[in-house]
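Remarks on the overall topology
Chain by chain, the residues run as shown.
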Amino acid sequence: MKNILFRMWRSLGRYRTQAVIFTVIGCIAVLSVITFGAMYVVAQPASTSSERLTIKTPNLGRHFQEFGREGSILIYDSKNNRFYEHNPQRNVTAIAPASTFKIFNALVALEISIVPDDVAVLTWDGIHREIDAWNHDTNLRQAFKDSTVWFYQVLARRAGYERMQQFINKVGYGNRQIGTAADIDRFWLQQQLLQITPKEQIKFLQRLYQGDLPFSQRTINLVKDIMIREQTPDYTLRGKTGWLTSTKPNIGWFVGYLEQNKNVYFFATTLDMDKAEDAPARIEITRRSLKDLGLLAQMN
């Protein structure tokens with residue numbers, strides 16, 4: 001009888017040991033699940049998936065309001081294939097390019113060797129003009145910076161009507177209308193002739209950046225270089241202003257592109273202007289808009 005009771009006690013002991021083991025294992029498993037779950041919850045973002053996909057679009061129109069001027073801006077983020085804009089209707093409305101056409105004019109002049117390079121000097125004709133910087137001999141680079149109208153009119157006359165029209169057609173620039181031979185040195189300054197939309201300006205600048213224009217690489221590289229307005233270790237800003245005086249109100253342009261963060265941002269800004277004091281707003285509105293996108297952080 002004692003032997004039977006002893007064997008029963010040993011069996012019960014084994015069961016108790018197994019029960020304890022299973023209980024410990026179970027507790028460990030439960031604790032692991034709880035711990036893992038807590039870690040998982042901490043690792044999740046607080047926002048929902050729909051909130052994470054939301055992209056904040058800056059209100060670029062407020063910059064025009066701050067200056068009390070009507071106008072438009074279009075910025076194209078090439079890496080993300082995204083447009084930012086104010087006044088969409090105006091961004092697809094064609095107007096004369098004014099001095100932004102100097103980009104195209106410089107391409108033609110260099111390509112057909114009207115000037116051999118960007119530093120070859122043309123002699124001033126002696127006619128005094130309203131902007132002092134125009135009243136002296138100058139070259140392609142300086143004339144681009146000063147927006148010297150007479151210099152680029154000379155280039156257009158030397159290119160001639162037929163060759164200029166051929167290049168306009170090859171590129172498909174704006175509405176391609178340059179008038180007659182008599183208009184060769186002013187067709188980009190008159191609202192009734194050559195016109196281009198801000199959106200078309202950006203397409204043209206994209207092709208310039210990509211080298212996808214009917215000009216040699218040397219020509220394209222030189223024009224890109226004279227377009228540089230500001231260059232820092234963080235970014236390069238290229239652009240050209242324009243001032244259309246044949247409309248009421250006058251219309252100011254600022255077009256170009258910014259290279260920053262291994263990306264390229266193309267822009268085209270227009271602004272209604274009444275006086276010379278309005279001109280700086282073209283550039284300032286563009287800069288403020290680019291800063292809204294987290295760019296030009298180092299600019300003053």
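Residues numbered from 1 in each chain as written. Predicted model: local features only at pLDDT ≥ 70, side-chain atom pairs only at ≥ 80, totals over all residues. Heavy atoms only, no water.

1. What to know about the overall build of the chain
- The helix and strand inventory of the chain stands at 11 helices and 8 strands.
- Partitioning the intrachain contacts of the chain with sequence separation of at least 6 by distance along the chain shows that 60% fall at a separation of at least 24. (Helix = DSSP H or I, 4+ residues; strand = E, 2+ residues; numbered from the N terminus. Contact = heavy atoms within 4.5 Å.)

2. Details of the sheet that holds strand β6 (residues 235-244)
- Strand order across the open sheet formed by 6 strands is β2-β1-β8-β7-β6-β5, with antiparallel pairing between neighbours. The sheet terminates laterally at β2 (82-86) and β5 (228-231), the two strands that pair on one side only. The sheet shows a mean angle of 15 degrees between the axes of neighbouring strands, direction not considered.
- With 7 bridges joining them, strand β1 (residues 71-77) and strand β8 (residues 263-273) adopt antiparallel strand pairing. Within β8, the residue paired with Tyr 76 across the bridge is Phe 266.
- Against the sheet, helix α11 (residues 280-292) engages β1, β5, β6, β7 (250-260) and β8, with an angle of about 140 degrees to β8. (Pairing = 2+ DSSP bridges. Axes fitted to C-alpha atoms, helices over the stretch in contact; angles between N-to-C directions.)

3. Details of the pairing of β5
- Where β5 meets β6, 3 bridges bridge the pair, whose relative direction is antiparallel. Directly across from Ile 228, in β6, lies its bridge partner Arg 238.
- The turn joining β5 and β6, which pair antiparallel and follow one another in sequence, is formed by 3 residues.

4. Describing the nonpolar core
- Ranked by internal contacts, the top residues of the largest apolar core, which has 59 residues, are Phe 101, Ile 103, Phe 104, Leu 155, Met 164, Tyr 173 and Phe 187.
- Take this core: its biggest share by element is 8 residues, from helix α7 (residues 149-159).
- Residues contacting Phe 104, with those up to four places away along its chain left out, are Met 164, Phe 167, Ile 168, Val 171, Tyr 173 and Phe 204. (Core = buried A, V, L, I, M, F, W, Y, C linked by side-chain atoms within 4.5 Å. Buried < 20%, exposed > 50% of the residue type's maximum accessible area, 1.4 Å probe, protein only.)

5. Notes on the pattern of salt bridges
- Inspection of the entire model under this criterion finds 16 salt bridges.
- For Asp 212, the salt bridge goes to Arg 207, with nearest N and O atoms at 3.7 Å.
- The closest approach of N and O atoms between Arg 238 and Glu 259, which form a salt bridge, is 2.3 Å. Placement of Arg 238 in strand β6 and of Glu 259 in strand β7 is noted, with a sequence separation of 21 residues between them.
- Accessibility expressed as a relative area gives 25% for Glu 259, which makes it partly exposed.
- Several salt bridges share partner residues, and in doing so they unite Arg 69, Asp 274, Lys 275 and Asp 278 into one network. (Salt bridge = Lys/Arg side-chain N within 4 Å of Asp/Glu carboxyl O.)

These values are about where atoms sit, not about what they do.
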